[in-house]
Amino acid sequence: MKKKIFTRREFMTALTAGAGTVLLGNVIDASPVASISKEVDPLKQVTLGKTGIKATLLGMGTGYSGYNRSSNITRAGTAESVIRAAYERGIRFFDCADSYGTHPFTAAALKGIPRDSYALSTKAWVNEGGIPEKERPDAAVVVDRFRKELNTDYIDLVQLHCMTNGAWSDQHKRFMDGLETLKAKKIIRAHGLSFHSFDALKVASESQWVDIMHMRINPYGANMDSKNPDDVIPYIEKAHKSGKGVIGMKIIGGGNLRNDSEKIDASLKYVLGLGTVDMIIIGFEQPEQIDNYLQRMKKVLAAI
């Protein structure tokens, strides 16, 4: 029998009914969402869609508050140490972007570690603004620079960054075709996009070009493409069923939920229980946060 994917309203009703509140040490037993696994290991290996790219269920994002080639961890001077700490704790997926400025720090943090033991994801800014230069060279030029900055012969995933309308596949066809050529040459293993609009999301879920997509998802509609998560869920399902890899981001609402322990656990439970999100990324700023989320996820997964 197919398990029911509960709506956001049904999920929130279950959370708030009686004493059914999600806490770090007191996770409700009855999950209103479909189970993705019987395992409780947040570092278990997952495969992103049909790409063959392996990652851990929990990955590290390097771009919290990222813009103009900087992010919180680059501005704090902690990027290299936090990325290295994530690897040492077992995380094997690192999400970068040109606009975060984290390529050289990631390369330094992972220096000397076998390249096939982790996956690298990055994103190219092809819209106006976002990075200092006005020029937007072809994909081959941009990705060659990325490889040098990351000190790697190949990149697992390169995405178009922050698509904001449904016409992205027409507007950026030149760059998309370039990434397709790079994939055929095995310079990259997969391509896709992240998006910041509901129209862009809908097009991405149906696009045959998209191998992997970043999906903004949490049960509160915080910093999402729709304030109602129930609008988003069908497109996540469509993407997943078509064989696309789905990476969940903004699980903590872009930081909006970071000081609310109950909502953090509720969001983890909701997203991990959907059954259509392959992995999630969190923008860690301190090693202690990594430890905290590993423990949270173990408790949440045990209750799903």
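This structure is a prediction, so every number in the text was calculated from the model and none was measured.

### What to know about unusual backbone geometry
Trans is the prevailing form of peptide bonds, just as negative phi is the prevailing case for residues other than glycine.
Part 1 of the reasoning: Non-glycine residue Lys186 carries a positive phi angle of around 65°.
Part 2 of the reasoning: Within the fold, Lys186 resides in the loop between α7 (173–184) and β7 (188–195).
Part 3 of the reasoning: Positive phi is not limited to glycine here, since Asn223 has a value of about 55°.
Part 4 of the reasoning: Position of Asn223 among the secondary structure elements: in the loop between β8 (212–216) and α9 (229–241).
Part 5 of the reasoning: Take Asn223: its relative accessible area is 32%, and that puts it in the partly exposed class.

### Focus: the packing of helix α8 (residues 198–206) against α9
Part 1 of the reasoning: Where α8 meets α9, the closest approach of the two axes is 8 Å, and the angle between their N-to-C directions is 25°. Judged on the interaxial angle alone, α9 and α8 are roughly parallel. Viewed along their axes, α8 and α9 form a crossing whose handedness is left-handed. For the pair formed by α8 and α9, the contact residues are Phe198, Leu201, Lys202, Ser205 and Glu206 on the first element and Asp231, Val232, Tyr235, Lys238 and Ala239 on the second.
Part 2 of the reasoning: In terms of residue class, the contact of α8 with α9 is made up of five nonpolar, one polar and four charged.

### Structural notes on the sheet that holds strand β10 (residues 279–282)
Part 1 of the reasoning: Taking strand neighbours around the barrel as the criterion, the eight strands line up as β3-β4-β5-β6-β7-β8-β9-β10 in a closed arrangement whose pairing is parallel. Ignoring which end each strand starts from, the neighbouring axes of this sheet average 25° apart.
Part 2 of the reasoning: Taken together, the two bridges between strand β3 (residues 58–61) and strand β4 (residues 93–95) define a ladder with parallel strand orientation. Its bridge partner lying in β4, Gly61 is registered against Asp95.
Part 3 of the reasoning: Packed onto the sheet, α7 meets β5 (119–124), β6 (155–163) and β7 and runs at close to 150° relative to β7.

### Remarks on helix α10 (residues 261–272)
Part 1 of the reasoning: Relative to the 16 Å expected for 12 residues at 1.5 Å per residue, α10 spans 17 Å between its end C-alpha atoms, a close match to the ideal helical length.
Part 2 of the reasoning: Counting buried positions along α10 gives nine out of 12 residues, so the element sits mostly inside the fold.
Part 3 of the reasoning: Residues of α10 that are buried: Ile264, Asp265, Ala266, Ser267, Leu268, Lys269, Tyr270, Val271 and Leu272.
Part 4 of the reasoning: Where α10 begins, the capping side chain belongs to Asp260, and its oxygen is found 3.2 Å from the backbone nitrogen of Glu262.

### Observations concerning the confidence of the model for the protein chain
Part 1 of the reasoning: When the pLDDT values of the protein chain are averaged, the result is 90; 87% of them are 70 or greater.
Part 2 of the reasoning: For the stretch residues 16–38, pLDDT sits under 50, and the model shows 58 contacts to residues farther than four places along the chain or on other chains.

### Remarks on the side chain of Lys123
Part 1 of the reasoning: Position of Lys123 relative to the elements: it lies in strand β5.
Part 2 of the reasoning: At 2.6 Å, the side chain of Lys123 forms a polar contact with the side chain of Asp95.
Part 3 of the reasoning: A polar side-chain atom of Lys123 sits 3.0 Å from the main-chain carbonyl oxygen of Cys96.
Part 4 of the reasoning: If near-sequence neighbours (up to four positions away) are discounted, Lys123 is found in contact with Asp95, Cys96, Ala97, Asp98, Tyr100, Phe146, Gln159, His161, Ser194 and His214.

Conventions adopted
- Residues numbered from 1 in each chain as written.
- Predicted model: local features only at pLDDT ≥ 70, side-chain atom pairs only at ≥ 80, totals over all residues.
- Heavy atoms only, no water.
- Helix = DSSP H or I, 4+ residues; strand = E, 2+ residues; numbered from the N terminus.
- Buried < 20%, exposed > 50% of the residue type's maximum accessible area, 1.4 Å probe, protein only.
- Axes fitted to C-alpha atoms, helices over the stretch in contact; angles between N-to-C directions.
- Parallel < 35°, antiparallel > 145°, perpendicular 65-115°, else oblique.
- Left-handed = near helix turned anticlockwise from the far one by under 90°.
- Contact = heavy atoms within 4.5 Å.
- Nonpolar A, V, L, I, M, F, W, Y, C, P; charged D, E, K, R; others polar.
- Pairing = 2+ DSSP bridges.
- Expected span 1.5 Å × (residues − 1).
- Polar contact = N/O pair within 3.5 Å; in protein donor to acceptor, adjacent residues only side chain to side chain.
- pLDDT = per-residue confidence, 0-100.

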